[in-house]
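Structural overview
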Amino acid sequence: MYLKRLKDLREDRDLTQSEVASYLQITRQQYGLYETGKRDIPAEFIKFLAIFYHTSTDYILELTNNIDSYKS
């Protein structure tokens, strides 16, 4: 499930949930609920996280294993 990918992206960059939550302008608790699957993450946040992690939404959603972002 894509939730593991969100956590892996965060941990691979040595970031805390608080740091990612701050980027999204939400609380750490709210982000924790998204990362654990207790709440559905809004599509807009997936887009923001793809930009933040320099990857694609397809990678986050496990539609591809290519971590590189799309080239414009």
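Scroll up to find the structure.
None of the values given here were measured: they were computed from a predicted structure.

What counts, and where the lines are drawn
Residues numbered from 1 in each chain as written. Predicted model: local features only at pLDDT ≥ 70, side-chain atom pairs only at ≥ 80, totals over all residues. Heavy atoms only, no water. Helix = DSSP H or I, 4+ residues; strand = E, 2+ residues; numbered from the N terminus. Polar contact = N/O pair within 3.5 Å; in protein donor to acceptor, adjacent residues only side chain to side chain. Phe/Tyr/Trp six-rings, centres within 6.5 Å; stacked < 30°, edge-to-face > 60°. Buried < 20%, exposed > 50% of the residue type's maximum accessible area, 1.4 Å probe, protein only.

On to the environment of Asn66, then. Structurally, Asn66 can be placed in the segment after α5 (57-60). Residues Asn66 and Arg28, 38 residues apart in the sequence, show an inter-C-alpha distance of 28 Å. At 3.1 Å, the side chain of Asn66 and the backbone nitrogen of Asp68 are in polar contact.

Looking now at the packing of aromatic side chains. Under the definition given, this model contains four aromatic pairs. On the basis of an interplanar angle of 65° and a centroid distance of 5.9 Å, the ring pair of Tyr34 and Phe45 is categorised as edge-to-face. One end of the pair, Tyr34, is in helix α3 (residues 28-36); the other, Phe45, is in helix α4 (residues 43-52), and eleven residues separate them in sequence. Looking at Tyr34, the relative accessible area reads 8%, which means it is buried.

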